[in-house]
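Chain by chain, the residues:
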Amino acid sequence: GSIMTSYDEIWEFFLLNCKTSDINLPTDETLIYKSIRNAVLRFNNRLRDKKIKCNDETETVNRVMNEDDLLILVHYLRLIFLTNEQTFFQTTWQPFAKDVGVTNYGTQINSLGKSIEEQKAEIDRLIMNTEVDYL
């Protein structure tokens, strides 16, 4: 195996575990890297003892991530995409919601909100599972 986990491995793992049709995923490499860095930020903020660093030049993080940590990281990625999608949807459609009578506007927002809450709960569950081992 490699000495460090690459951005490609992280993205592949994300696509394998988290991809859902309702997320508009970036296809552009720069945006993918930016998203990974963003997820790493959230990961580090939550799991302070596991700090990982991104290196854009080598396109790797500074260690080999085990599957537990990878799973948590890619779920943060999914959370970021869901949140972005909600923001995009709100800013795009809210001004017109009344005019065009977007009847499903509220439904759509609620459903995105629910997905975001479920995603946060899933991250909590994954983190709890990793901590159970050390009891």
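Quick note: structure is the one above.
Residues numbered from 1 in each chain as written. Predicted model: local features only at pLDDT ≥ 70, side-chain atom pairs only at ≥ 80, totals over all residues. Heavy atoms only, no water.

**Here we look at the pattern of salt bridges**
Thought 1: Applying the stated criterion across every chain yields a total of 7 salt bridges.
Thought 2: Between Glu-118 and Lys-114 there is a salt bridge whose closest N-O contact spans 3.0 Å. One end of the pair, Glu-118, and the other, Lys-114, are both in helix α4 (residues 105–132), 4 residues apart, so they sit about a helical turn from each other.
Thought 3: Glu-118 gets classed as partly exposed once you look at its relative accessible area, which sits at 44%.
Thought 4: Since its relative accessible area comes to 54%, Lys-114 is described here as exposed. (Salt bridge = Lys/Arg side-chain N within 4 Å of Asp/Glu carboxyl O. Helix = DSSP H or I, 4+ residues; strand = E, 2+ residues; numbered from the N terminus. Buried < 20%, exposed > 50% of the residue type's maximum accessible area, 1.4 Å probe, protein only.)

**Digging into the environment of Gln-119**
Thought 1: As for its placement among the helices and strands, Gln-119 is situated in helix α4.
Thought 2: C-alpha separation for the pair Gln-119 and Tyr-76, spaced 43 residues apart in sequence, amounts to 8.3 Å.
Thought 3: If near-sequence neighbours (up to four positions away) are discounted, Gln-119 is found in contact with His-75, Arg-78, Leu-79 and Leu-82. (Contact = heavy atoms within 4.5 Å.)

**Digging into the environment of Leu-77**
Thought 1: Among the structural elements, Leu-77 can be located in helix α3 (residues 67–93).
Thought 2: Taking the C-alpha atoms as reference points, Leu-77 and Asn-24, 53 residues apart in sequence, are found 12 Å from one another.
Thought 3: When near neighbours in sequence (up to four residues on either side) are disregarded, Leu-77 contacts Ile-10, Trp-11, Phe-14, Ser-35, Ile-36 and Ala-39.

**Considering the packing of aromatic side chains**
Note on aromatic pairs: each is described by the distance of the centres and the angle between the planes.
Thought 1: Under the counting rule described, the total for this entry stands at 4 aromatic pairs.
Thought 2: For the ring pair Tyr-7 and Tyr-33, a centre distance of 4.8 Å and an interplane angle of 70° mean the geometry is edge-to-face. Separated by 26 residues along the polypeptide, Tyr-7 in helix α1 (residues 7–17) and Tyr-33 in helix α2 (residues 29–46) bring together distant segments of the chain. Exposure class is identical for Tyr-7 and Tyr-33. Each is buried.
Thought 3: One aromatic cluster is present, formed by Trp-11, Phe-14 and Phe-81 through successive ring pairs. (Phe/Tyr/Trp six-rings, centres within 6.5 Å; stacked < 30°, edge-to-face > 60°.)

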